Each structure stands twice: as C-alpha cells, then as structure tokens.
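Spelled out from the first residue to the last, the chains are:
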Number of protein chains: 2
Amino acid sequence: MSEPVGNDGAVVYRERWEVVTEEIRRRIVTGEMLPGSRIRETELAEGFGVSRGPVREALRILEVAGLVLRVPRHGSYVAPVRRRDVDELYTLRASIEELAVRRALRRADAGLAAQLGRAVERLEMALTTEAPFEVVESDIDFHSTFYRHADHDRLVAVWATLADPLRILMRLSSRRSDPDWSTTVGGHLLIASAAREGDEDACVEATLDHLEHARSLVLSFVEQQEIPER
Amino acid sequence: MSEPVGNDGAVVYRERWEVVTEEIRRRIVTGEMLPGSRIRETELAEGFGVSRGPVREALRILEVAGLVLRVPRHGSYVAPVRRRDVDELYTLRASIEELAVRRALRRADAGLAAQLGRAVERLEMALTTEAPFEVVESDIDFHSTFYRHADHDRLVAVWATLADPLRILMRLSSRRSDPDWSTTVGGHLLIASAAREGDEDACVEATLDHLEHARSLVLSFVEQQEIPER
DNA sequence: GAGAATTTGTTCGTATGTATC
DNA sequence: TGATACATACGAACAAATTCT
C-alpha cells in the first residue's frame, strides 16, 4: 500500500478503505477482475495486507456504485454486464450528456475548446500506438471535458457512475473485434468543432449521433453474461 | 431493532447494517436529523444497541448516496442543503424525468394512467387533511410512477438519489411558508391528462413546466446553509 | 503549547448463516 | 438428511489523530 505523502508534498493520510476501494475499482475497470467473478473478503484483505474491515467498507461503496454485486451472507461478485445494461447506459448517458454539453457551452469557457482539441489528439495518438487502455481513457476523457465544464457536481457524480461500466463495455467490445475507431474520431472532431463555434444545438446533435453510433457498436459485440444464481 | 420475520411470513434476515441504514436515512429525510448536524458513530451505535461496525457501513452507503458528508478523521454530518443544490437537483431531474416520461409513454402500459390518477387523488386528500409528510410523499409518488414504468433500473437508481434531497427541500420550504399547492395539483392533472392520451411531447412539456414552477417555488424559500468548515 | 478527552480508523476473535459432500 | 468446511456479520478492544481545556 502507498505511503501517506501527497503529490504536493504535504502529508496526506489516505485511509486504508480509500486505498482499497481505488485498487479494487481499478482491477474491475481494467478487466483484471472479470465481471461475474467471485470476490472473497479474506482473500483481498490478505492480499492487501489489511484486515477485513476496510475491505468490507470498500465493497459497500463499490456496491452502491454498481460495480459490485453483493449477496447477503454469501459473498460478493464483480457486477456482470448484461445486454440490458448497454441500453440503459447509453440512453441515460445521452440524457445527461445533453445537459452537460448545453451547460458547458453556455458558460463559454475558453478552456473548453482547447481541452477538447487536446483530448482528440490524445485519442489519435493512442490509436497509432495501439494502446487499448489509453484509447478507452482518451475517449472517456473527451466526453468528461463537457462534464467538467458544466459546473454541476451531481451531474459529474452521475457521469462517474456511468463511466466505469462504459469503460468495461468498451474494453470488452474492443477486445472481441476491431471497432471502427476512425468514425469515433470523426465524431469527436465534429463535436469539438461545433463546441468551438459555440453552436449549442449542433453540438448536442453531433453528440447524440455519436452516442447512438457507439451504442450500436458496443451492442453488437457484447455477449450475454449471466448473473450468478442466488 | 426489528425481528428477522418478513411480511410474507417467511424468515428474512435483515442485517443490522441494513436496518441501521434505513433508519438513519429516514431520520435525515424526515428532518428528524437536520442538515448540517453532527453524526457520532458511537452515539448512533448505542442508540441502536449495536456496535459501530454496522453504523460505519451505513454511513459509507449514505455518503455515496449524498445524504451524509464525511470528513476523514473528524466526523460525519447530515449533508447540508445549499442554494446551489436546488439548481443542480432540478436541472438534473428535468433531464432524466424527460427520459422517464418518454419511455413510460412509449411502453403504453395501461397501468400508468390509472396509477397517475390515484397519485393525484392521494395528493388532494393529503392537502385537505394537511398532513405534511403525506403531501411530500404523494408528490414524489406521482413522479415516481413514470420512473417505475420506464423499465430502466439505472434511471430509477438515479431518481432515488435525487428524491431524498428533494424530500428534504420540499419539507424545508413548506415549513417556512404556505406553498401554492393548487398550482402543483393543476400541474399534475395536466401531466396525467397528457399521459392518458399518450401524447408524449405534451406530457414532457407539461412536466418541464411543472418542474420549473416547483424549482422557483423551492428556491425562494431555501436559506443558505453553510458546510461545516474543514 | 502540553496534555486530557473525544472520536474515528483498524484489527482480530467469535457467532451465524450458507454451501457442499 | 446431517455433518463439516467456509465466508460473511458483528462486537469489542486497541491505535491514532483531532479538538478542547
């Protein structure tokens, strides 16, 4: 586990449960722990070198976040991804991302266009080097830009709960085939262009088109993964 | 604490942390524990007759749900309601409720109109008997009907995280003055009418108008409540 | 500013319920 | 069906940090 020293030099006590939560989340999101697989408190606790207390608290948090499925008196599982989730994630995301885009453009922050541009470049770079993790993170980062500029804490919080399952989905589908990333990049360019010109409606329309494309792309590659019975 | 016997007669073990979570949530939502007030683990644990373990897990859950504010190595507080929250809650709610209304109407379930009608009657009844708790619950219940019929688990989950703070807001503002409930009832009638006729766009428009009215109503009565420093 | 009191963070032992043979 | 192994749920004591006097 890491030491209690922050990146700004100041001493920052990161509680055990916090470190444990982040690490389990990382393992789930990166696919190190696969959807549907069993999670044992004692096993994790021993692996981390901590007691079961912090692990329990971490699992509670991740359960509320939707990444962990918990069966009372039985155990925990990495939340399985169902076909239904693809529909839910993308419809809900379209709904809140429209709000994010509109609010971000209305604030007319100069940093928005610049950050969008950098995010597109980052994605293009990741595609040339064929780094799967970077590709997914770049894609997520592009869209996160709007949420960051929306000045809306709860909106960011909801986005965060959607972003993790989306990372898992994108990783699963890109592993199974070779998605059409050029269309994705094109979509991002279109969105960024509309954002640069401050055209709110055009930016929303481009975003919704882009999301619909992404949805159908992911949907065609996701296999049904059953929930462990009981 | 309650006994492990479910209402269907079967034995249902409700874990301590579950009961504790529900009870703390109830106290916060009903205003029994006021926003900004300190929460002491030991105090709650003794009051419930349990150890601090289940209480800690409950507080973690409620923290993720946004009802509890937690300061590391210091303590927990009932999440304070800020002016900013009113804007965030109602803009985000408008966004997802449009999705809920559209999906509910597209499914064209016969039960929808009937349940909306009953919810309106329940609100009218609550207003005549002047039962504050019932009034708030009836209002929330009316809107929940769309979410229940939207066939969208994540949408319901997000709504649930908004509904609790909204209950607190409505309670605070109705305590401070005498809101114009007749307009609220009128709004519900308009929405229910459009839903009965299956007019999706009209129903969405009526809903958004209604929410804007509710927002301005609440906003005018909410006082600034500061976050505890540090 | 030092020390006591308070409160949270953590560990570990035990109880209880579940699954399996 | 019954016994056994296993994992989680809970309680109580200890450790560490913050606040207050």
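Refer to the structure printed above.
Residues numbered from 1 in each chain as written. Chains lettered and ligands numbered in written order. Predicted model: local features only at pLDDT ≥ 70, side-chain atom pairs only at ≥ 80, totals over all residues. Heavy atoms only, no water.

(A) Broad picture of the relation of the copies chain B and chain A. Here chain B sits on chain A after a turn of 180° about the axis and a move of 0.1 Å along it, with an RMSD of 0.1 Å. These values place the two chain copies in the arrangement generated by a two-fold rotation axis. Here 100% of the interface residues in chain B have copies in chain A that are interface residues too; the copies meet face to matching face. (Least-squares fit on C-alpha atoms with pLDDT ≥ 70 in both. Contact = heavy atoms within 4.5 Å.)

(B) Main features of the protein's contact with DNA strand D. Around DNA strand D, a shell composed of 23 residues is seen, among which A:Arg52, A:Arg56, B:Glu15, B:Arg16 and B:Ser51 lie nearest. Of everything in DNA strand D that lies within 4 Å of the protein, sugar and phosphate atoms constitute 83%. Within the backbone of A:Arg73, a nitrogen or oxygen atom sits 3.5 Å from a phosphate oxygen of DNA strand D. Take B:Glu15: an N or O atom from its side chain is 2.9 Å from a sugar or linking oxygen of DNA strand D. Taken together, the elements giving at least two residues each to the surface near DNA strand D come down to strand S1 (38-39), helix H2 (41-48) and helix H3 (52-64) of chain A together with helix H1 (16-29) and helix H3 (52-64) of chain B. Residues belonging to the surface near DNA strand D are distributed by class as follows: six nonpolar, five polar and 12 charged. (Near = heavy atom within 4 Å. Polar contact = N/O pair within 3.5 Å; in protein donor to acceptor, adjacent residues only side chain to side chain. Helix = DSSP H or I, 4+ residues; strand = E, 2+ residues; numbered from the N terminus. Nonpolar A, V, L, I, M, F, W, Y, C, P; charged D, E, K, R; others polar.)

(C) The arrangement of the sheet that holds strand S3 (residues 75-78) of chain B in detail. Residue and element names in this part refer to chain B. Strand order in the open sheet formed by three strands is S1-S3-S2, and the pairing between neighbours is antiparallel. In the strand order of this sheet, the two ends are held by strand S1 (38-39) and strand S2 (68-71), each with one partner. As paired strands, S2 and S3 are joined by four bridges and run antiparallel to one another. When the sheet's bridge partners are listed, Arg70 is paired in S3 with Ser76. (Pairing = 2+ DSSP bridges.)

(D) Fine view of H1(B). Residue and element names in this part refer to chain B. The end-to-end C-alpha distance of H1 is 20 Å, a good match for the 20 Å that 14 residues give at a rise of 1.5 Å each. Residues of H1 that are buried: Trp17, Val19, Val20, Thr21, Ile24, Ile28 and Val29. Immediately beyond the C-terminal end of H1, within one or two residues, lies Gly31, with a positive phi of roughly 90°. (Expected span 1.5 Å × (residues − 1). Buried < 20%, exposed > 50% of the residue type's maximum accessible area, 1.4 Å probe, protein only.)

(E) Broad picture of the protein's contact with DNA strand C. If you check the shell around DNA strand C, you find 24 residues, and the closest are A:Arg16, A:Ser51, A:Arg52, B:Arg52 and B:Arg56. Close to the protein, within 4 Å, the atoms of DNA strand C belong to sugar or phosphate groups at a rate of 73%. Here a phosphate oxygen of DNA strand C sits 2.5 Å away from a polar atom, N or O, in the main chain of A:Arg16. Mapped onto the surface near DNA strand C, the elements with two or more residues apiece are helix H1 (16-29) and H3 of chain A together with S1, helix H2 (41-48) and H3 of chain B. The greatest single-element share of the surface near DNA strand C, amounting to three residues, is contributed by H3(A). Its residues assigned to classes, the surface near DNA strand C shows six nonpolar, six polar and 12 charged.

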